[in-house]
Amino acid sequence: QVQLVESGGGLVQAGGSLRLSCAASGSIFTINGMGWYRQAPGKQRELVATITGSGRTNYADSVKGRFTISRDNAKKMVYLQMSSLKPEDTAVYYCNADVIADLRLGVQGYWGQGTQVIVSS
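Thresholds applied
Residues numbered from 1 in each chain as written. Predicted model: local features only at pLDDT ≥ 70, side-chain atom pairs only at ≥ 80, totals over all residues. Heavy atoms only, no water. Buried < 20%, exposed > 50% of the residue type's maximum accessible area, 1.4 Å probe, protein only. Helix = DSSP H or I, 4+ residues; strand = E, 2+ residues; numbered from the N terminus. Pairing = 2+ DSSP bridges. Phe/Tyr/Trp six-rings, centres within 6.5 Å; stacked < 30°, edge-to-face > 60°. Lys NZ or Arg CZ within 6 Å of the ring centre and 35° of its normal. Contact = heavy atoms within 4.5 Å. Axes fitted to C-alpha atoms, helices over the stretch in contact; angles between N-to-C directions.

*Asks:* I keep staring at the pairing of strand β9 (residues 91–100) and nothing clicks. Help me out?
*Replies:* When a strand is regular, its side chains alternate between the sheet's two faces. With eight of ten residues buried, β9 lies mostly within the body of the structure. Across eight bridges, strand β4 (residues 30–39) lies against β9 in antiparallel orientation. Looking at the pairing, Gly35 lines up with Asn96 of β9. Direction of pairing for β9 relative to strand β11 (residues 115–120): antiparallel, over a ladder of three bridges. Residue Tyr93 lies in a different strand from β11, and its bridge partner there is Thr115. Here β9 runs beside strand β10 (residues 107–111); their pairing, made up of five bridges, is antiparallel. Note on β10: the bridge partner recorded for Ala97 is Tyr110. Counting the residues between successive antiparallel strands, the hairpin from β9 to β10 contains six residues, one of them, Gly106, with a positive phi of roughly 80°.

Shown next, in the form of structure tokens:
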């Protein structure tokens, strides 16, 4: 079984910074893409940023220049450094990973339980 556990959320004032972390554990052969998504109250879950196994990144337009995604393959972790936070960044942030746990099963997507980020104005 594969688990993703996020940490680092909290309450911050507008203009502040937070760093989210996500640790993958369990029976993992390899991890392909990893990413962060968020869901605000009453809205659909949306992509924030993704990173491939080789480090290629992709960002939502709304966070470009403010957020940075990175990963540590040896530790099976992905991070999201968030700066210049805005009230509209308030959401539950979810970690996602495309994992090969068993070569016979191929790639499967996993989600963390989410971590709340609240940005006050």
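There is more to say, and it comes next.
*Asks:* Help me understand the packing of aromatic side chains, please; the structure alone is not making it clear to me.
*Replies:* Where two aromatic rings form a pair, the distance of their centres and the angle of their planes describe that pair. The full count for this structure, using the stated rule, is one aromatic pair. On the numbers, 5.0 Å between centres and 65° between planes, the contact of Tyr37 with Trp111 is edge-to-face. In this pair, Tyr37 is assigned in strand β4 and Trp111 in strand β10, connecting sequence segments 74 residues apart. Across the ring face of Tyr94, the terminal group of Arg45 is positioned such that the distance to the ring centre comes to 3.7 Å. The ring of Trp111 has Arg45 sitting right over it, with the charged end atom 4.6 Å from the ring centre.

*Asks:* Help me understand the environment of Gln81, please; the structure alone is not making it clear to me.
*Replies:* In this structure, Gln81 sits in strand β8 (residues 77–82). By relative accessible area, which is 31% here, Gln81 ends up partly exposed. As a C-alpha pair, Gln81 and Gly65 span 16 residues in sequence and 11 Å in three-dimensional space. Look past the residues within four positions of Gln81 in its chain and what remains in contact with it is Ser17, Leu18, Arg19, Arg66, Phe67 and Thr68.

*Asks:* Even after reading the chapter, I still don't get the sheet that holds strand β7 (residues 67–72), so can you show me in this structure?
*Replies:* Hydrogen bonding along the main chain pairs the strands of a sheet, whether they run parallel or antiparallel. Reading across from one edge, β1-β3-β8-β7 is the order of the four strands in this open sheet, with antiparallel pairing throughout. The two strands at the open ends of the sheet, each matched to only one other strand, are β1 (2–7) and β7. Taken pair by pair, the neighbouring strands of this sheet meet at an average axis angle of 15°, ignoring direction. Of the strand pairs in this sheet, β7 and β8 are connected by six bridges, and their pairing is antiparallel. Among the inter-strand pairings, Asp72 is bridged to a residue of β8, identified as Met77.

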